[in-house]
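# Fold and geometry: a report
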Amino acid sequence: MAAEEETHKSRVPEPVNITILRARHLRGSKGDSLTSLVRIEYGSSTLGESAKVDSTADVAAEYNFNAKFDCSFEDPVILDEVAYKPALVTVVEVLPKEKKQKEEKTVLLGQCTVDLLPLVKGERKYKSTLIIHPLPGSPLEGVPPDNPKPEVDVVVSVNEPLLNEDHLKDSNLMTITVEAAYSVPESWNPSGTQYMYAATMPVPLSAEKETTVIMSNGMLKALNDKDKEPPSKQKKWPQPGGAQGGAVYIPDKFLEAINYDEEDGELCGKEFRDMRIEAETEKNRVIWNCERRCYMDNSAVQGLQQRIAQTRLWPVEVMRMPMPSAAKPKGKEEENPIFFHGVAYVNLAPLLYPGVKKIHGAYRIHAYNDQEVERKTKRKGGLAEEAARMATSLFRNASPSVKPAKGGKDEKPAKEKEKDTAKKQPSQMLKPGAPGTNEASSDTEAPVQQNIEGMQYDEAGTYIILEFQLDRPIVPKRAPEELAKKVAEYIPPRPLFPRRTNGAQRAVDDFHNQVGSIGNLILEEFRGLFGDELDDGKLPQGNEAAEERRRKLMFELNTSGKYFAFKEQLKHSVVKIVREKYLKTSTFQDKDKLQAFLSDLYVFLVDQMHIGLGNVLSLEDETPVPAPLTDSSQLLHFAREAEVNENFELSAKYYQERLARNRNDADHWFDYGTFCLLISDITKAEECFKETVSINPQHLHGLLLYGVVCAMEERNDVAETFFEASTCVDPSSVLAWTMLGLYYDGIDSDIQAEYAFMEAQKLNMANAAAKQRQNAIAKAALATSEVTPDAGGSQQAEGSIVQQVGSGDTEPIGEETSEAGESEVAPAVPQVTKTPATPTDAKIPISKSPAVKHNNHPGLKKKMSISSNSKSGIEGTTRAKSATSQAAPSEVGSRPAHVDQEDAPREPTPVPESSIFMIAVEFLLEVKATQFCERALAHELLAPLGGPTPAYHVALARMKLQKKELDDADHSLKEALVLNYQNPDAWSIQGHLRYLQGNMEDAKMCYERTLSFVADAREMHSIYLRLASIYLQDGQYQEAKNTFLYACKKSPSCISWLGVGIACYRLGELSEAEDALCEANILNNSDPEVWGYLSLVCLATERQLEAEQAYKYALKVSLQEGPLLDEIHDMQQQVGFGNPQF
C-alpha cells in the first residue's frame, strides 16, 4: 500500500480540461442580439477568455472554448481543493466601440459554477447544462419569468482518472454542512454593523497532517428580515471565489428537512422540542447553509478513525469578526480581532457504528476555553487565529462588488466601533477569572481565564445545526446475505425433506413392494377357490388337506398363466437388485462363480421375501398405537415443573421425550438447550442450539443463545456473527439489539455497544409510542361508543377496538392471561396453561408478535422477539410541519418561520414501561444465561429509566437463586420489599428462598401473602405446589386439597393431581382420591408415588387384585424405601393381602 501511495504521489500532473460549448437564451444591453465571451476562473487564477462570439435569441453562442489547469498529486491538498472549489464561468457582453473610444466596453451578464467533484469520484468526462445567474445590473435581470432561462453547456474531462479503483476503494469523501446557529446572543443586532460569522474545524488530510476548514459566509438574520434575496434552502460554496448572486450556490444541492427524532445531536429529545421550535421561529439566527467537501486518502481515514476512537468529541469553533478592509494595509502586520469565540463539541462516535455514513443534529455552543478543549478533545490550542486570517483572505479574493452593508443611522463605522470596543475591553476574549485573585496566589498555575463574550452563548442557549456525511462508512456493515452465508458455514441448514433413497436400498424396497403385491393377489386366488369353505367354517385341517389345497392352487395358477405373470412382475425388481446391490452388469465366464452367485442371490431373495410378506401380513395383526394423552406443550410444562422441584433427571426425561416425538421442531431443541444451560452442561447446550439454528436459520432466540454460548467459550468471532445475524433476522427486535450491545460491552468495544444500545432504545421508544397511540384510539372509540344511542352499534365499536388493541398483543404474557378461559370451560382431557415452547418475556408490557408455531416456510421469517411487531420509528414532528400558512418568509434553511400558538397540543413523550436492559434480563433469566444477565443488570443499575427499582432487585434475586447464592438473594429481596412492600413477585421469591432454606413456616407465610394480593405473581403454579406440600406436612389436608386443586385448575400436572389424591386419601375421601390418582397416572404412568398411593386406596377399599397390581408397578418403577413404602407394608399386613410375596 505504501508503494502504491508513493507511485501515486510521483505521478505526472494531470491536466483538467474545462470546455464551454455554447450558451443559449442570452440577452444583451440592446436586445437579444449581442457579442459575448466567456471567462473561466479556478480559485484565484483566471484560466482564460474565449473569443468574441455573436448570438441572437434563436442562435446560440458557440464558444467551443477550452481552458485547463494541472492537478498535482504531490499533496492531498490539491485533490481536496478540487473537491470543494468550483470553476467559475462568467459570461461577458462586449459592446461595440463608439467614436473616440480606445477600448471596447464590457458588461458582466451572469455567472455559473462548475462542480468538479465527479473528478474526485473517478469520472473521466461528464457534461453539464448550467443556469447562468444574472449579476447585479445585468440585462439578464429583466428577463421575464416565463422566458427560458439562459444556460450554458460545459464539458469537464481528464485523460486519465484522478483516482484509480484502488485509491477510490481506500479513500473517502466527507461532506460537512453547517446550516445555522439559533438562539444567538441577544446583543447581536441584525440591523446594526455587519460582521463576519465563521465556523471552523480541523479535518485530517493524512495520518499526521490536518487542514483547517473555514466557513465564513454566515449572515445574521432576524425573524422578520425581508431581504431582496428570496428564501433559499440551496447549499452554498465555502469558497466561491469571485462568484456573486445565485452563482454562490452549489447546483442541485439542497438542505433536507429531517425529523427531530431522526437527529443524532445533543438536542434531539422531546424535552428540547419546545425550546427548539421557539428558537427557530421567534429568535434571531445566523445562516450559513454551506457545504464543504473534504477528500481523505487512506491514511487520513485511518487517522480520523483513530482520533474519534480516542476522544469521540470533535471541536467546531464559532466566532464573530469585523468586516475586513478591501485591501491589505501596508507597512504593518494586519490584526484579525476575534469576538464571541465559542466551541461546539460534536460526538463523531456514530461514524464508527457499522454501516453509518451520516450524522445530523443540533449541538450546544459553549464559551471557548483552552483547558476545556484540551481536556475534551486532547487538542492543544484552537484554530480561531488561523481561521480569521483565512476568512480575511477569502473576503479580499471575492468579487469587488461585495461590500459590507451600511449601518443604521446611530451606528458607528465598523473600524471605529472595534477601536471603541478594544478600549472598553482590553482583552477582547479572555479575562481573569476570580476578581480577588492576584499573581501571587499561585506560583505554578496561570490564573483561570474566562471568556466573557463566549459565556453569552451559554446564557442564550445557542446551538448550531451540523451534518457530517461520508461517501462510504468507515466501519462497513455486513450484509444480511453475507451473515446468513456465514451462519450457514458454521451451522449448515438441515434439508427440509429427507433424501430419496437410491441404489441398493431402493431396489430392495421395490422388491418388498412387489412381493407384497403378489402375496395379495395369491390370497385373492385362494379365497376364490376356498372362500365358501372359509365362510362356513368347514375348511378341513391337517397336513393332507393343506397339501391338497396347495396342489389345487398351484394347478390353477399354472393353467391360468398367472404364475408366469407373477414371475415377470418380480423379474424387474430382481434385476435391479443384481445391478444395484451386487453390482453385476456383465455375463459370467466361469460357471462355478455363476453358481455361487445364484446361491447367494437365492438365499438373499428368500430372506427378503419373508421380510416383504411379513410387512404385508403383519399389518392386520398389529395393534394400533394409541395417540399420546399429553402434547408437546404439556411435556414442556412438566419439565419446567421438575426444574422448579430440582428433579433434573425427570426434567431431562420430559425434554428428551419431546425430542423423540418430533426431532424436526426447532423449539424442542431450544428448550432442551436452555435446560442444559441450567445444569451447566455447556457442550450439550451448544449442540442443542446448533440443531435449533440448523432446523430454522430464522430462529431469533436460537441465534442469540448460540452466540451466548460462543461468547462464554470466548469464540468471539463466531459469537459476533450470530448476534449480528439476529439483528438481521428481526431488525425491529429490542432484544436482539440489546444482546448485541451486551456482547460488545463484554469485549470492551464501547462504540459498537453504544450503537447497539441506541438502536434498541429507539425501538423501545417506538414501541411505547405505538402502544400510547393504540391506547388513545381505544379510549377515543370507547368514549364515542358511550354517547352513541344505538347500543348494538356501541358494542360493535367497542368490540372492534378491543380486537384492534388485542391484535398488537400488548398484554403481558404469563399464566394469568389464560385463567379466565380455563375457568369457564373445563375440558374433558386435562389441558395445560404453561410456559410456551420458546421463552416469553412475561411481565414486559410492550408490543410483541403473536405466537407463530413451527413455521418452517422458506419465504417467511419467524418473528420471535419481544418487539418484532412494533413499528420501526416514531412519527415525529418535522420542521416543515411546524410552519403555518401565515408564516413570515425568511431564509432559515430547513427550519420553520413561524408556529401558530393555537395549534393542537402535541402528544406526550412516550415512556417505556421497561428499559431495554430489563427486557434482556427477563429473557436471560428465562433461558438461564446468568453471565449475560449479570451484565444486563449492571447496565440497568446505571440506565436513565432503570436504577435500583423493585423490578431490578427482584430480577437480581432470581438470578442469585439460579446460582444458589441464597444470602445475596435474601439481601436483594429485602431491598425490593423496602421499595415496594406489596410486590407479589418479591414475596413469592422470598417464599421460594425460605423453602429452599428449609424454613417452612416463613415460606408458608410468604406464599399466603402472595396469594392474598390482587395481582398474581409471575409463577403461580410453583407457589400452589409448594404451599400445598407445606400444608400436607403440617397435616392441614383440607387446605392442601384446595390449593392443589387451584394448581390443577390452572395447569394440571401429575404432581398437582397426586397432591389432590394424597390430601383426599388423608381426609378419607377414597373415591375422590382414586379419581385424582388416576388423572395423575394418565399424565405420568411411571411415577412410583402415584402407584404407591393407588395401592393404598385399593387396599383400603379391599380390592386385592388391583392392590397387588398397583404394588407391583410401584416396585417396578423404583419406589424407594421410605415412609410411603413402610405405610403400604403396614396396610398390607393389616388387611392381609396386597403383597404377592406373602
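Only a predicted model underlies this, so the values are computations on that prediction, with no experimental measurement involved.

### Some remarks on the overall build of the protein chain
Per the secondary structure count, the protein chain includes 38 helices and 22 strands. By residue count, 48% of the 1142 residues in the protein chain fall in the buried class. Excluding contacts between residues fewer than 6 apart, the proportion of contacts in the protein chain whose partners are at least 24 apart in sequence is 70%.

### Considering the pattern of salt bridges
Using the criterion set out here, one finds 49 salt bridges in the structure. A salt bridge links Arg715 to Glu713, with the shortest nitrogen-to-oxygen separation between them at 2.9 Å. Given the relative accessible area of 31%, Glu713 is considered partly exposed. Across the pair Glu922 and Arg1018 runs a salt bridge whose closest N-O atoms are separated by 3.0 Å. Taken together, the positions of Glu922 in helix α26 (residues 916–927) and Arg1018 in the loop between α31 (1000–1012) and α32 (1020–1033) put the pair 96 residues apart, joining distant regions of the chain. Like Glu922, the residue Arg1018 is buried in the burial classification. Here the residues in one salt-bridge network are Arg22, Arg24, Glu62, Glu151 and Asp153, joined through shared partners.

### Thoughts on the side chain of Ser915
Checked against the element boundaries, Ser915 lands in the loop between α25 (819–824) and α26. Here the side chain of Ser915 touches Glu940 through a polar contact of 2.3 Å, side chain to side chain. Filtering out sequence-adjacent residues up to four positions away, Ser915 remains in contact with Asn764, Glu940 and Leu945.

### Brief notes about the environment of Lys771
The residue Lys771 is located in helix α23 (residues 750–787) in this model. On a C-alpha basis, the gap between Lys771 and Pro910 in space is 8.8 Å, while along the polypeptide they are 139 residues apart.

### Examining empty space enclosed by the protein
In the structure shown here, the tally under the stated rule is three cavities of 30 Å³ or more. By volume, the second largest cavity is sized at about 50 Å³. Every residue lining the second largest cavity is listed: Phe638, Glu641, Ala642, Leu650, Tyr654, Ser1053, Cys1054, Ile1055, Asn1084 and Asp1087. At the level of secondary structure, the elements contributing two or more residues to the lining of the second largest cavity comprise α16 (632–644), α17 (648–661) and α34 (1054–1066). Here the lining of the second largest cavity takes three residues from α16, the largest share from any one element.

### A word on unusual backbone geometry
The phi angle at Lys378 is positive, at roughly 60°, despite the residue not being glycine. Given the relative accessible area of 55%, Lys378 is considered exposed. For Ser1118, which is not glycine, the phi torsion reads 70° and is therefore positive. In this fold, Ser1118 is placed in the loop between α37 (1104–1116) and α38 (1123–1135).

### Points about the packing of aromatic side chains
With the rule as written, the count across this model stands at 25 aromatic pairs. Both rings, one in Tyr743 and one in Tyr744, keep their centres 5.4 Å apart while their planes meet at 50°; by these two values the pair is tilted. Considered together, Tyr743 and Tyr744 belong to a single accessibility category, that of buried residues. Three or more aromatic residues joined by ring pairs make a cluster, and in this case those are Trp188, Tyr197, Phe340 and Tyr457. Here Arg292 stacks its cationic end above the ring of Tyr84, 3.6 Å away from the centre of that ring. Lying across the ring of Phe932, Arg935 places its NZ or CZ 4.6 Å from the centre.

### What about the pairing of strand β18 (residues 339–347)?
With eight of its nine residues buried, β18 lies for the most part within the structure. Relative to strand β19 (residues 358–367), β18 runs antiparallel, the two sharing three bridges. From the neighbouring strand, Gly342 faces β19, where its bridge partner is Ala367.

### Here we look at a negative patch on the surface
On the surface, Asp532, Glu533, Asp535 and Asp536 cluster together into a negatively charged patch. Along the chain, Glu533 falls in helix α12 (residues 503–536).

### Thoughts on the pairing of strand β11 (residues 172–182)
With 11 of 11 residues buried, β11 lies mostly within the body of the structure. For β11 and strand β16 (residues 285–296), the ladder comprises 10 bridges, and the chain directions are antiparallel. Across the sheet, residue Leu173 finds its bridge partner in β16, namely Tyr295. The sheet contact formed by β11 and strand β22 (residues 463–470) spans seven bridges and is antiparallel. Residue pairing for β22: Tyr182 is matched across the bridge by Tyr463.

### Observations regarding the sheet that holds strand β1 (residues 14–24)
On the basis of which strands lie adjacent, the open sheet formed by four strands has the order β5-β1-β10-β8 and antiparallel pairing. Single-partner strands in this sheet number two, and they are β5 (61–71) and β8 (125–131). Looking at each pair of strands side by side, their axes are set apart by 20° on average, direction ignored. Two strands pair when backbone bridges link them, and β1 and β5 are joined in this way by nine bridges, in the antiparallel orientation. Across the sheet, Ala23 pairs through a bridge with Ala61, a residue of β5.

Parameters at a glance
Residues numbered from 1 in each chain as written. Predicted model: local features only at pLDDT ≥ 70, side-chain atom pairs only at ≥ 80, totals over all residues. Heavy atoms only, no water. Helix = DSSP H or I, 4+ residues; strand = E, 2+ residues; numbered from the N terminus. Buried < 20%, exposed > 50% of the residue type's maximum accessible area, 1.4 Å probe, protein only. Contact = heavy atoms within 4.5 Å. Salt bridge = Lys/Arg side-chain N within 4 Å of Asp/Glu carboxyl O. Polar contact = N/O pair within 3.5 Å; in protein donor to acceptor, adjacent residues only side chain to side chain. 1 Å grid on protein atoms, 1.4 Å probe; cavity = no way out; pocket = protein on both sides within 12 Å on 5 of 7 lines; lining within 4 Å. Points joined across faces, edges and corners; volume = space filled by probe spheres on them. Phe/Tyr/Trp six-rings, centres within 6.5 Å; stacked < 30°, edge-to-face > 60°. Lys NZ or Arg CZ within 6 Å of the ring centre and 35° of its normal. Pairing = 2+ DSSP bridges. Patch = residues over 30% accessible without salt bridge, like charges linked within 9 Å, V, L, I, M, F, W, Y side chains within 5 Å. Areas by Shrake-Rupley, 256 points an atom, 1.4 Å probe, with all protein chains shown as cover. Lys, Arg positive; Asp, Glu negative; His and termini not counted. Charge placed at Lys NZ, Arg CZ, Asp CG, Glu CD. Axes fitted to C-alpha atoms, helices over the stretch in contact; angles between N-to-C directions.

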